[in-house]
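One letter stands for each residue in the lines below.
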Amino acid sequence: MAESVVGFLIKQLSTLLSQESTLLGGLRPDVQFIKDELGSMKAFLRQAEAKEDDDSQLQEWVKQVREVAYDTEDVLDDFAFRFARGDADGFFGRVGKIYNSIKNLNARHRISLEIKDIKARVVEISARYQRYQSLYGTQEIGSSSLHVASADCDIRDQALLIEEAKLVGIDQPKKELISKILDDHSHLKLVSVVGMGGLGKTTLVKKVYDDAAVKKQFQSHAWITVSQNFQFNVIIKDLIQQLCEEIRQPVPPQVESMNRVRLSEFVRDFLKERRYILVLDDVWSLDAWEAIKYILSDCNIASRVVLTTRITDVASASCLASHDFIHKMSPLSYDESWTLFCNRTFQSNGCPSYLEEVCRKILKKCEGLPLGIVTMGGVLALKDKDKIDEWEMIFRGFGSEVDGSGKLDRIRRILLLSYSDLPHHLKNCLLYLSIYPEDHPINVEILLGKWIALGFVEEEEGMTATDIAMRYLKELINRSLIQVKDTWYDGRLVKCGLHDILREIIVSKSKEQSFTAIITGYCTRWPDKVRHLAIHNFTGNPPQGFSSLKCLRSVETFGNKDSLTTSFLSKFLCGGPKFLKVLNLASAELDSIPKEVFKLFHLKYLDLSGTRVKIIPKSIGQLQNLEVLILFGTTITELPVEILKLRKLRSLIVGRAGDYSNNFALWGFKSPDGIGKLTSLESLGNIEADSGKIVREIGKLIQLRQLWITKLRREDGKELLYSLLRLTNLRELYICSIKEEETLDLQHSVSPRLGFLTRLSLTGRLERVPEWVMSLQSLGTLNLQNSELSEDENAIDCLGHLPNLVELSLGGAYEGEALCFKAGRFPKLKELDLVQLKRLKWVSVEEESMPNLQEFVIAGCKLMEGLPLGLQNLTELKVLALADMSDELIHEVQNLDKQREDYQTISRIPQVRIGHWINGEWKEESL
């Protein structure tokens, strides 16, 4: 963690030295010295942190480095707060800066003393670094690496001990892998097994490797553990020794002195006339794979290489040929988990009924992770089965068991290997997830915004911060550290999360490093010197000692609706944090925004969604560093002109969900004139198009990627198209007319070129589908509401030519009695929703239409006289949902004759749902 803190600080120091050189004045040499010294230590820090658990002196040194980095960051932010403010130009701007300089002479002197104190501390830490480097650094790097590699191998060997508990759920994947290995191909084939640590990859492959049928198929067999500390010469010599031992020949003496090239040639020559199976266990990098693959001989002999890895990219890169195969490990099912748990804990005797409740709660924590289940079972197997309170204590103390001091240290070390392998910027991103409660679904878009605001995302030329942050997230997913919880059919990530055991480890690591702290229930005092604070279900009176919170960079709140009042928040902000960058008060009990919020000079992310705040005051203009302002779900309908001072604003989301049946399109906000000045905006919603002037202003926001525009009048349609011509970066576009009977006039000679647009929603009458919509080659999701398209226009059929459309929702969008989906249309469509098509009687699906459809929803189409004709042609259909249909149709579906073809079709669909939408909730009826 110290490495990531120092890396983050060095980036800040570089920015300060390049952009604020004049402002630094005489402090520049000291700042440069601190940067250079920390930079020279950074490379050693990763090695030091890997050893600190075994060396108390090294542990203390790492702690000192981390603390001096934190203190330096605090001084830098204080410096920016004192001296980098004020954006006035001309005479008044110069006078203001002179005034501030005079006013802050004492502050400059104090900051100067703090920087000199930090420099002195860095000098002392640096001297100790030189001593440690001589002990642990380059002089012993070879032997130390071997030591770490040996430790990794020990952990891999321990992973195989899952065998002791008679691992369940392995027979089917074992059978599949053996089939892939033994099938008849006259060339080299690779099989990769990928998944997070502890899923049993090594155990599965060992069972396959030791299988008699597999052994018999090959002349040579070898198992190599690659590990994080990959050393080519070491593992190749190990491979040569295994190959020679198998044929009972000594290793040629010249092997010991061979260089990398000659070792590779030796192995290739040995293998080229043999049919071999080689296991490469625990491969961590593409570089390791690239180095090893050149020794593999493929001389038209059906040899096999089996590779295990936690990293998806490594599995993909190794399996490029069409006959190669990737097996993705999945967690055990609940039933399999329970069987494994009982086997390990009760030696297959079954769980006593009085322990079942607590055992199932403990099992839930393991989330199907075999190593976690086996290890936890091993702990519980030693407990007295008559003392239920001891078992409850294990459940309540689960977090301490995996923090390095408990009996689950083995799984902790296995999972921490993935964390330790991360570059410093990804460590910060992962540790920040520890603020979220257990099982809390994490909104991807919101998470990325916070990473950016906190400075975790490093700038790269030609890329937006959002794109870089998304790349970070995908890298953590790729490394099996973050789990995908929900996606749209077009592949866009919606929700993510952490495995419970990994979360406990990350929480422990964050707490240990003073990175995050979590306040839950009743609390008597605030934590000291923590960077990120999460308040979960807080009760009781606010703790004392707000001054201890001065180092805070973010505050997150969860489940604190009644306790986070305006009064409490005022005290909290007044006494403590002045460096806050992220303040999330979603759903807090706020009637107004405390004035202390507007004094937070560094604030970049402010979320007030779901609060009772009604007015945004003019003082919002003081938050000149604000990048994200979320006011969704409030009753705010207008923003002050001072919002235009926030030139760094990237995301502005205001409004509330509307009830189309009663308050059509009354959920936007009235924008001040000049919204086009906010040229950094990437997300804007829900802005009311109450004049042509506002629509023209939108065209100046050329960085926009998401736009929600409501209350559009017919006469402003053409102007909007001209604005869209300039918004070439748009990914998502939502347009809503001013009232239900208003027409969206979007059909003109003006044709926006929205080549990146993936989601489009049009709410309002359409005379026909605009021609420019048909040119949207990237469009994945299309939502048409209240369009009232005529049957004569054949509008729905023309949408079938959109090449990448995966979701189509038609809500009151079609006036015809029959709807035919023709052959060759909608090649990639996965979800189709037909809602409130009030005249619709029949739907037909021709062969080879919608060949990939997985979910088909028909709701509120009360004149439908039967099930869709040709339903049997939808061979990939997984879900058929019928809601609010006529009683006659529902009765017919519920009582289908088993001899009818309709019944045979319905019985093949995995999930058929019949019901009603009541107050936004689905009420199921029996089929």
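Here the structure is a predicted model, which means the values were calculated and not measured.

Colleague: Describe the sheet that holds strand β8 (residues 493–497), with residues and values.
Modeller: Within the open sheet, the three strands sit side by side as β6-β8-β7. Their pairing is antiparallel. Each edge of the open sheet carries a strand with a single partner, namely β6 (442–443) and β7 (483–487). The sheet contact formed by β7 and β8 spans four bridges and is antiparallel. From the neighbouring strand, Gln483 faces β8, where its bridge partner is Gly497. In the packing of helix α23 (residues 465–478) onto the sheet, the strands contacted are β7 and β8, and the crossing angle to β8 comes to about 50°.

Colleague: Please provide a residue-by-residue account of the sheet that holds strand β2 (residues 220–225), values included.
Modeller: Pairing is parallel in the open sheet, where five strands are placed in the order β2-β3-β4-β1-β5. Single-partner strands in this sheet number two, and they are β2 and β5 (325–328). Averaged over neighbouring strand pairs, the angle between their axes works out to 15° when direction is ignored. With six bridges connecting them, β2 and strand β3 (residues 276–283) associate as parallel partners. Opposite Ser220, over in β3, you have Tyr276 as the bridge partner. Docked against the sheet, helix α9 (residues 201–210) engages β1 (189–194), β2, β3, β4 (304–309) and β5, running at close to 170° with respect to β2. Where helix α11 (residues 232–246) meets the sheet, it contacts β2 and β3, and its direction lies at approximately 150° from that of β2.

Colleague: Explain the pairing of strand β11 (residues 554–558) to me, and be specific about the residues and the numbers.
Modeller: Of all five residues in β11, five are buried; the element is thus mostly enclosed. Pairing of β11 with strand β12 (residues 582–584) involves two bridges; the strand directions are parallel. Bridging from a neighbouring strand, Ser554 pairs with Val582 of β12.

Colleague: Pulling in residues and values, what's your account of the packing of helix α15 (residues 334–346) against helix α17 (residues 370–381)?
Modeller: Packing of α15 against α17 brings their axes to within 8 Å, and their N-to-C directions diverge by 35°. Regarding α15 and α17, the two cross each other, and that crossing is right-handed. Only Pro370, Ile373, Val374, Gly377, Gly378, Leu380 and Ala381 of α17 make contact with α15, whose side of the interface consists of Ser337, Leu340, Phe341, Arg344 and Thr345. The class makeup of the residues in the contact of α15 with α17 is seven nonpolar, four polar and one charged.

Colleague: Break down the pairing of β3 for me, with residues and values.
Modeller: Each regular strand carries side chains that alternate between the two faces of the sheet. Most of β3 sits inside the fold, with eight of its eight residues counted as buried. With five bridges connecting them, β3 and β4 associate as parallel partners. What sits directly across from Val279, in β4, is Val306.

Colleague: Hey, could you go over helix α29 (residues 887–894) for me, with residue numbers and the actual values?
Modeller: Among the residues making up α29, those that are buried are Leu889, Ile890 and Val893. On an axial view of α29, the arc spanned by its buried residues comes to 100°, and they lie on one face. Facing away from the buried side of α29 by over 90 degrees, the exposed positions are Asp887, Glu888 and His891.

Colleague: Describe in detail the nonpolar core, supporting the description with residues and values.
Modeller: A general tendency of soluble globular proteins is for nonpolar side chains to be buried together. Counting residues in hydrophobic clusters, the biggest one holds 123 residues, and the most contacted among them are Trp61, Leu430, Tyr432, Leu447, Trp451, Leu473 and Leu476. Residue contributions to this core peak at 11 residues, all from helix α4 (residues 56–83). Contacts of Trp451, omitting those with residues within four sequence positions, involve Cys429, Tyr432, Leu433, Phe456, Val457, Ala469, Tyr472, Leu473 and Leu476.

Colleague: Give a description of the pattern of salt bridges that names residues and reports values.
Modeller: Scanning the entire structure with this criterion turns up 46 salt bridges. A salt bridge links Lys293 to Glu290; the shortest N-O distance between them is 3.3 Å. Here Glu290 and Lys293 lie together in helix α13 (residues 286–293), a separation of three residues that amounts to about one turn. Note on Glu290: relative accessible area 30%, which makes it partly exposed. Between Lys450 and Glu556 there is a salt bridge, with the nearest N and O atoms lying 2.8 Å from each other. Taken together, the residues span a long stretch of sequence, with Lys450 in helix α22 (residues 444–453) and Glu556 in strand β11 at a distance of 106 residues. Lys450 sits in the buried class, given a relative accessible area of 2%. Its relative accessible area of 0% is what places Glu556 among the buried residues.

Colleague: Could you give me a rundown of the environment of Ala288, with the residues and numbers involved?
Modeller: Its location among the elements puts Ala288 in helix α13. It is 6.7 Å that separates the C-alpha atoms of Ala288 and Phe230, two residues lying 58 residues apart in sequence. When neighbours within four sequence positions are excluded, Ala288 is seen to be in contact with Val226, Phe230 and Val283.

Colleague: Can you explain the side chain of His221? Please cite residues and give values.
Modeller: As for its position among the elements, His221 is in strand β2. A polar atom in the side chain of His221 sits 2.9 Å from the backbone oxygen of Lys215. Separated by 3.3 Å, the side chain of His221 and the backbone oxygen of Phe218 make a polar contact. The contacts of His221, once residues within four sequence positions are left out, are Tyr209, Val214, Lys215, Leu243, Glu246 and Ile277.

Colleague: Could you give an account of the packing of α11 against helix α12 (residues 260–271), with specific residues and numbers?
Modeller: Orientation of α11 relative to α12, taken along the N-to-C sense of each, is 30°, at an axis distance of 10 Å. With respect to their mutual orientation, α11 and α12 come out roughly parallel. The crossing of α11 and α12 is left-handed. Listed contacts from α12 to Phe232, Asn233, Ile236, Lys237, Leu239, Ile240 and Leu243 of α11 are Arg260, Leu263, Ser264, Phe266, Val267, Phe270 and Leu271. Residues that form the contact of α11 with α12 fall into these classes: 10 nonpolar, two polar and two charged.

Colleague: Break down helix α24 (residues 500–512) for me, citing the residues and quoting the values.
Modeller: For α24, with 13 residues, the first-to-last C-alpha span of 18 Å sits near the 18 Å given by 1.5 Å per residue. Judged by how many residues are buried, α24 sits mostly within the fold: 11 of 13 residues are covered. Within α24, burial applies to Asp500, Ile501, Leu502, Arg503, Glu504, Ile505, Ile506, Val507, Ser508, Lys509 and Ser510. Within two residues after α24, Ser514 carries a phi angle of roughly 55°, on the positive side.

Colleague: Give me the side chain of Lys201: which residues, what numbers.
Modeller: Tracing the backbone shows Lys201 in helix α9. No salt bridge is formed by the buried Lys201, whose closest oppositely charged neighbour, Asp282, lies at an N-O distance of 6.3 Å. Among the polar contacts listed, one links the side chain of Lys201 to the backbone oxygen of Met196, at a separation of 3.0 Å. Apart from residues lying up to four places away in sequence, Lys201 is in contact with Val193, Val194, Gly195, Met196, Thr308, Thr309, Arg310 and Met329.

Colleague: Can you break down the packing of aromatic side chains residue by residue, with the values?
Modeller: One pass over the full model with this rule turns up 10 aromatic pairs. Relative to Phe341, the ring of Trp338 has its centre 5.8 Å away and its plane inclined at 20°; by these criteria the two rings are stacked. Of the two residues, Trp338 and Phe341 are both situated in helix α15; the distance of three residues between them amounts to about one turn of the helix. For Trp338, a relative accessible area of 15% gives the class buried. The class of Phe341 is buried, set by a relative accessible area of 0%.

Colleague: How would you summarise the confidence of the model for the protein if you had to cite specific residues and measurements?
Modeller: When pLDDT is averaged along the protein, the result is 84, and 87% of the positions lie at 70 or above. Predicted confidence is poor over residues 86–96, with pLDDT under 50, and the contacts of this stretch with residues over four places away or in other chains come to three contacts. Note on residues 138–159: pLDDT under 50 across the span, and 29 contacts to partners over four residues away in sequence or across chains.

Colleague: Help me get a handle on the environment of Lys578, residues and values and all.
Modeller: Within the element layout of this structure, Lys578 appears in the loop between α25 (566–575) and β12. Along the sequence, Lys578 and His602 sit 24 residues apart, while their C-alpha atoms lie 7.8 Å from each other. Here Lys578 is in contact with Asp78, Arg82, Lys550, Leu600 and His602, once residues within four sequence places are set aside. At 3.5 Å, the side chain of Lys578 forms a polar contact with the side chain of Asp78.

Cut-off values and rules
- Every chain's residues receive numbers from 1 upward, in the order its sequence appears when written.
- At least 70 in pLDDT is required for a residue's local features to be given in this predicted model, at least 80 for side-chain atom pairs to be given and counted, and no such filter applies to totals for whole chains, interfaces and linings, which use all residues.
- Hydrogen atoms and water are omitted, and side-chain values are computed over all heavy atoms in the structure.
- One requirement defines pairing of two strands: DSSP has to find at least two bridges between them.
- Numbering of helices and strands runs from the N terminus, with a helix taken as a DSSP run of H or I at least four residues long and a strand as a DSSP run of E at least two residues long.
- In what follows, residue pairs with any heavy atoms lying within 4.5 Å of each other are defined as contacts.
- Under this scheme, a helix contributes an axis fitted over its contacting stretch, all axes are lines through C-alpha atoms, and angles between N-to-C directions fall in the 0 to 180 degree range.
- Accessibility here uses a 1.4 Å probe with only protein chains present; expressed as a share of the type maximum, an area under 20% marks a residue as buried, one over 50% as exposed, and anything in between as partly exposed.
- By definition, turning the near helix anticlockwise from the far helix through less than a right angle yields a left-handed crossing, and turning it clockwise yields a right-handed one.
- Throughout this entry, Asp, Glu, Lys and Arg are counted as charged residues, while Ala, Val, Leu, Ile, Met, Phe, Trp, Tyr, Cys and Pro are counted as nonpolar. The remaining residues, Gly among them, count as polar.
- The directions considered for the arc are those from the helix axis to the C-beta atoms.
- What makes a nonpolar core is a set of buried Ala, Val, Leu, Ile, Met, Phe, Trp, Tyr and Cys residues whose side-chain atoms join them at distances within 4.5 Å.
- One side-chain nitrogen of Lys or Arg within 4 Å of one carboxyl oxygen of Asp or Glu is enough to make a salt bridge.
- We define a polar contact as two N or O atoms separated by no more than 3.5 Å, with the added condition that, inside protein, one atom must be a possible hydrogen donor and the other a possible acceptor, whereas residues neighbouring each other in sequence contribute only through side-chain atom pairs.
- What sets the label is the angle itself: under 35 degrees gives roughly parallel, over 145 gives roughly antiparallel, 65 to 115 gives roughly perpendicular, and the rest give oblique.
- Expected span of a helix: the number of residues minus one, times 1.5 Å.
- As used throughout, the charge tally considers Lys and Arg to be positive and Asp and Glu to be negative, leaving His and the chain termini uncounted.
- Planes of paired rings set the category: under 30 degrees apart is stacked, over 60 is edge-to-face and the rest tilted, where pairs are Phe, Tyr or Trp rings (Trp by its six-membered ring) whose centres lie within 6.5 Å.
- The quantity called pLDDT is the predictor's confidence in a given residue, expressed from 0 to 100.

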